[in-house]
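Geometric and topological summary
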Amino acid sequence: MTNETFRLLTEDKKQTKFRSVLNAKTKGCLMEGEMRDILLSVSLHKQYSIIICQDSEAFTSLLTLADNWSGRTIFGQALLGRADCPGQLFRIDEAVAVTLCDSADADAARMLYIYIPENRFQKGTANHE
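Residues numbered from 1 in each chain as written. Predicted model: local features only at pLDDT ≥ 70, side-chain atom pairs only at ≥ 80, totals over all residues. Heavy atoms only, no water.

Glancing now at the nonpolar core. Counting residues in each nonpolar core, the largest one holds 19 residues, and the members touching the most others are Phe18, Leu22, Leu30, Ile38, Phe75, Leu112 and Ile114. Sorting the residues of this core by element identifies α2 (11-26), α3 (32-41), β1 (48-53), β2 (69-75) and β6 (110-115) as the ones contributing at least two each. Tallying contributions element by element places α3 first for this core, with three residues. Judged by nonpolar contacts, the second largest core, of 13 residues, contains Leu89, Val98, Leu100 and Tyr113. (Core = buried A, V, L, I, M, F, W, Y, C linked by side-chain atoms within 4.5 Å. Buried < 20%, exposed > 50% of the residue type's maximum accessible area, 1.4 Å probe, protein only. Helix = DSSP H or I, 4+ residues; strand = E, 2+ residues; numbered from the N terminus.)

Pasting the structure below:
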């Protein structure tokens, strides 16, 4: 679906489509509360690149923001940082989601990074709340 097509959808259909994309990308491994937190935190009027990580070290490296970038933890125990105070992931056995954006470019795509521990993928699905 193109951005132009997505923009023409109703809010309910946008949310349904975004939920569907998250389910597909995470292979259904997000719990309902995590999915809800993401849907409440992102703007469906902005474009997001969604990246799923299973490697805690790779995800932790994403938590250290470059100049002009800002971010926010949606859920989980992660702390965003800068070069002088790097970001940290506190619980590698729990899922985390963060959004990042380039503060200098309001039209730039936003990043949604989701860390899902490998053991959730091994089970195939999350324990839904």
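Before going further, it helps to examine the packing of aromatic side chains. Under the definition given, this model contains two aromatic pairs. The interplanar angle of 70° and the centroid separation of 6.3 Å between the aromatic rings of phenylalanine 18 and tyrosine 48 together place this pair among those described as edge-to-face. Of the two residues, phenylalanine 18 sits in helix α2 while tyrosine 48 sits in strand β1, which places them 30 residues apart along the sequence. We classify phenylalanine 18 as buried; its relative accessible area is 10%. (Phe/Tyr/Trp six-rings, centres within 6.5 Å; stacked < 30°, edge-to-face > 60°.)

Right, let's talk about the side chain of arginine 110 for a bit. Structurally, the position occupied by arginine 110 is in strand β6. Among the residues examined, arginine 110 registers a relative accessible area of 17% and is labelled buried. Setting aside residues up to four positions removed in sequence, arginine 110 forms contacts with Lys46, Gln47, Tyr48, Ser49, Leu100 and Cys101. (Contact = heavy atoms within 4.5 Å.)

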